[in-house]
Protein chains: 2
Amino acid sequence: MPLRLDASAPGFEKEFSAFLGRNRDTDENVDRVVAGIVADVRARGDAAVVDYTAKFDWAGITVDNMRISDGERSAAAEKVPAAQREALTFAARRIEAFHRALMPKDVDFTDATGTRLGARYRPVDAAGVYVPGGTAAYPSSVLMNIVPAKVAGVGRIVMVVPTPGGTLNPLVMLAAEIAGADEVWRIGGAQAVAALAYGTQSIKPVDKITGPGNAYVAAAKRRVFGQVGIDLIAGPSEILVVADRHNDPQWIAADLLSQAEHDPSSQSVLIADNAAFADAVVRAVEVELETLDRAEIAGASWRDNGAVILVPDFAAALPIVDAIAAEHVELAMEMAEAEALSEKIRHAGAIFLGRHTPEAIGDYVAGTNHVLPTSRAARFSGGLGVADFLKRTSLVACTPQSLAALGPSAVALADAEGLGAHGRSVSLRMGR
Amino acid sequence: MPLRLDASAPGFEKEFSAFLGRNRDTDENVDRVVAGIVADVRARGDAAVVDYTAKFDWAGITVDNMRISDGERSAAAEKVPAAQREALTFAARRIEAFHRALMPKDVDFTDATGTRLGARYRPVDAAGVYVPGGTAAYPSSVLMNIVPAKVAGVGRIVMVVPTPGGTLNPLVMLAAEIAGADEVWRIGGAQAVAALAYGTQSIKPVDKITGPGNAYVAAAKRRVFGQVGIDLIAGPSEILVVADRHNDPQWIAADLLSQAEHDPSSQSVLIADNAAFADAVVRAVEVELETLDRAEIAGASWRDNGAVILVPDFAAALPIVDAIAAEHVELAMEMAEAEALSEKIRHAGAIFLGRHTPEAIGDYVAGTNHVLPTSRAARFSGGLGVADFLKRTSLVACTPQSLAALGPSAVALADAEGLGAHGRSVSLRMGR
């Protein structure tokens with residue numbers, strides 16, 4: 001049974017706070033292992049990458065077959081049935097369209113003093129995209145990482161994906177092709193992140209690394225941050241469904257299970273304003289679990305990390321929603337009510353409005369990104385987007401007249417800070 | 001003497017690459033010390049913060065005087081002379097105006113399928129701003145951190161600043177007042193970063209931490225990343241001046257020294273297309289050093305980390321400029337030429353155009369931010385801005401009809417990925 005809380009009950013604050021404080025990450029001391037791997041890849045390059053890959057993923061790896069050739073990729077991609085190919089292409093087009101709308105606009109203006117001020121966005125030269133291998137190899141994640149990089153204008157997109165047993169995943173290869181990866185390497189883990197960050201004899205380094213991975217990949221990304229840029233550190237998936245009693249309990253049960261089925265450490269939370277409806281959803285979850293392929297994973301997640309929170313009304317749900325700051329928030333109610341409620345939510349990775357917007361639509365074809373902040377990171381971070389593949393350069397241009405207007409204040413502040421050469425670089429130009 | 005390189009000489013690539021590879025950071029094993037401090041602050045809260053502060057900054061610290069009261073702050077701020085007060089206010093207004101122009105626009109549209117898609121920017125609830133203490137306590141940095149947070153709409157801005165010997169810096173206190181800090185605490189180092197990230201009995205945690213600091217502060221920010229958001233990790237300052245022979249060598253010398261005077265590990269590089277002019281600048285640097293207050297620091301930086309690079313023409317300078325990816329790039333030439341060259345630069349924190357735009361203008365009053373990427377981070381990062389204090393939430397709303405249009409592709413992809421509940425959450429709503 002998932003945890004059950006009642007927002008109106010005495011002691012709720014304390015129980016809810018304990019629930020929030022639960023740590024679903026299993027970090028432990030991967031940090032030490034990862035530090036060793038990163039240092040080794042920096043020192044030995046390809047040889048180290050091959051050694052770790054042989055140990056963890058595939059004994060057949062060599063320096064020569066480390067890169068997946070375009071031919072191998074196409075051969076694998078051709079195995080994908082037409083319906084899936086069409087669905088992937090459809091998804092890629094929608095992701096591209098939405099991310100084009102996210103492109104920031106350059107700023108460039110001349111102010112009243114005659115000083116030109118600007119901010120200019122340019123893509124990083126090269127981006128590395130980490131794609132998990134094995135059972136968690138999701139073609140949709142390939143699109144979600146590569147398409148925004150492409151929209152941003154990144155010139156070189158390098159994908160890494162471990163291939164356990166040497167087998168290529170046709171869907172992942174097709175997604176790489178559709179999205180436009182420039183290079184694909186069959187490597188993963190901390191060794192792949194280190195190779196992307198520092199480069200090896202055969203892999204040229206990149207400037208930014210994105211993409212989800214296990215605890216080792218996350219620790220490696222954190223470690224190479226500074227050498228390269230990284231995106232957010234993804235933790236276990238989460239969904240928070242706020243649902244009124246007019247929903248079909250079965251629909252809501254499927255929504256809760258859609259994140260629970262990712263991983264036993266995923267988290268699904270239902271906020272309901274009606275106890276009988278909440279009970280009906282809990283029963284529907286059990287029924288769904290009877291036929292679900294990934295019932296074992298989903299069931300464990302629901303029992304160990306799930307929660308049902310009863311509220312007197314949805315206004316009372318707002319502080320709870322913001323405190324959880326979930327990756328996905330579903331507002332399953334009449335659209336007008338969902339819209340009004342969504343306006344008041346401060347922290348969420350993505351919000352899905354109304355009765356006909358299951359979160360899974362956002363995982364695949366809505367067009368929005370499914371790489372979203374987890375573990376309360378929505379308090380300070382949004383999902384992956386074009387901005388992750390762009391950087392801003394400031395521009396300043398003074399005329400002799402505008403320097404005369406700005407200069408005296410600059411000199412006064414440089415003096416106040418005791419930075420003589422700062423002041424002099426300005427005052428010399430003002431003829432002082 | 002600074003390093004001297006000639007881009008036309010044989011062996012340039014190798015020498016330049018060695019120059020780029022030089023590590024000016026002195027990280028060593030601060031990581032281990034910082035891990036201990038962060039863990040201790042998490043465990044013991046205020047008591048740990050007081051202990052470390054007493055040890056490193058001021059023996060007089062107690063839990064009761066840890067927060068600087070508004071009265072203390074005003075009393076210190078009142079000591080600032082009128083001219084400096086005016087200069088700070090002038091700077092704050094210009095920084096505010098420029099950062100308002102950087103505010104991202106929300107996206108919200110309904111596409112051809114009838115699906116509403118959106119991206120909404122909201123401020124973080126609370127931001128922590130780290131301000132270094134002692135000699136490097138710069139009021140301008142207080143403005144550069146707090147004003148963008150204010151423009152973004154952050155409700156609670158918490159400033160921390162170590163006060164060696166217990167003394168408040170009047171200019172820093174005034175800057176905090178002008179910019180609008182909500183709380184100011186006299187703490188610093190890794191202990192202050194840990195207190196901001198995790199909270200203590202008296203300090204409520206924040207969601208984002210920005211601001212420069214020494215190696216301990218940088219290591220602490222890296223360590224708490226994930227618990228809170230952080231801005232870029234600031235390293236030693238850099239300036240790259242591209243100057244033709246029509247410049248006054250004295251002006252260019254002052255520009256080079258304006259970053260050299262920050263720290264012995266700062267880096268100033270001159271790219272010139274004329275050897276006689278480069279020689280004149282090198283001589284002018286020596287002359288300037290004779291009277292500069294911070295000559296010892298600036299001289300050490302120039303000798304140990306400075307460089308003069310001769311190029312046949314400025315087109316040949318472009319790959320060098322991009323490879324250095326400097327924090328500050330000055331294009332000291334006719335404005336039209338500077339504008340044309342700036343368009344071709346891919347990697348720079350900020351570009352200063354023409355003969356009358358010394359970099360120091362950007363440090364104080366241009367309005368652009370002076371917290372900028374160092375150590376080649378301009379390859380993947382811009383400077384501090386309003387975006388650092390905002391986060392994006394995606395919005396998706398389907399109608400029954402638009403779900404019918406999107407749903408089949410979502411189900412196909414969910415099936416392909418073996419995620420049954422994902423597919424079911426969609427197909428149930430399509431009546432399947």
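Our subject is the structure that appears above.
Counting restarts for each chain: residues are numbered from 1 in the order of the written sequence. Just so you know, chain letters begin at A and ligand numbers begin at 1, following the order they were written in. In view of the model being predicted, local features appear only for residues whose pLDDT reaches at least 70, and side-chain atom pairs are presented and counted only at 80 or more, with totals across whole chains, interfaces and linings using the full set of residues. To obtain the side-chain values, all non-hydrogen atoms of the structure were used and water was disregarded.

**Quick look at the overall build of chain A**
By the criteria applied, helices consist of DSSP H or I runs no shorter than four residues and strands consist of E runs no shorter than two, each listed in order from the N terminus. Across its full length, chain A holds 17 helices and 15 strands. C-alpha extents for chain A along the principal axes are approximately 80 × 55 × 45 Å. Looking at the 432 residues of chain A, the share that counts as buried comes to 62%. Only heavy atoms enter the contact rule, under which two residues are in contact if any of them lie within 4.5 Å. Sequence-distant contacts in chain A: of pairs separated by 6 or more residues, those separated by 24 or more amount to 73%. For the area figures, the Shrake-Rupley method with a 1.4 Å probe applies, and any residue is considered shielded solely by the protein chains shown. Of the roughly 15,100 Å² of accessible surface on chain A, a fraction of 52% belongs to carbon and sulfur atoms. Between buried and exposed lies partly exposed: a residue is buried under 20% and exposed over 50% of the maximum accessible area for its type, with that area taken using a 1.4 Å probe on protein chains only.

**Focus: the pattern of salt bridges**
Put simply, a salt bridge is a Lys or Arg side-chain nitrogen that is within 4 Å of an Asp or Glu carboxyl oxygen. Under the definition given, this model contains 40 salt bridges over all chains. Notably, a salt bridge pairs arginine 4 of chain A with aspartate 279 of chain A, separated by 2.7 Å at the nearest N-O pair. Placement of the pair is arginine 4 of chain A in strand 1 (residues 3-6) and aspartate 279 of chain A in helix 11 (residues 275-291), with a sequence separation of 275 residues. With its nearest N and O atoms 3.5 Å apart, the salt bridge here joins arginine 122 of chain A to glutamate 343 of chain B. Residue arginine 122 of chain A is found in strand 4 (residues 116-123), and its partner glutamate 343 of chain B is found in helix 14 (residues 335-344); the two belong to separate chains. Through salt bridges that share partners, Asp40, Arg44 and Asp51 of chain A make up one connected network.

**Brief notes about the sheet that holds strand 9 (residues 229-230) of chain A**
Residue and element names in this part refer to chain A. By definition, two strands form a pair when at least two bridges between them are found by DSSP. The six strands are arranged 2-7-6-5-8-9 in an open sheet whose pairing can be described as mixed. Every other strand in the sheet has two partners, leaving strand 2 (67-68) and strand 9 as the edge strands with one partner each. Of the pairings in the sheet, the one linking strand 8 (residues 208-210) to strand 9 comprises two bridges and is parallel in character. Bridging across to strand 9, lysine 208 finds its partner in glycine 229. Inter-axis angles, ranging from 0 to 180 degrees, are taken between N-to-C directions of lines fitted to C-alpha atoms, where helices are fitted over the stretch in contact. Each of strand 5 (126-130), strand 6 (156-160) and strand 8 touches helix 8 (residues 189-198); the most contacted strand, strand 5, lies at about 175 degrees to it.

**Considering the interface of chain B and chain A**
Much of the literature gives interface size as the accessible area that the parts lose upon coming together. Tallying the contact residues gives 117 residues for chain B and 117 residues for chain A. Between chain B and chain A the total buried area reaches about 10,100 Å² when both faces are included, carbon and sulfur atoms providing 58% of it. For the chain B face of the interface with chain A, the top three residues by lost area are Tyr364, Phe380 and Arg429 of chain B, together amounting to 8%. Taken together, chain B and chain A are joined by 16 salt bridges. Note that glutamate 288 of chain A and arginine 424 of chain B form a salt bridge whose closest N and O atoms lie 2.5 Å from each other. At 11 residues, the largest contribution of residues to the side of chain B that touches chain A is made by helix 16 (residues 400-416) of chain B. For any pair of parts, buried area is found by adding up, for both, the accessible area (1.4 Å probe) each one loses once the two are put together.

All quantities given are derived from atomic positions and should not be read as evidence of function.
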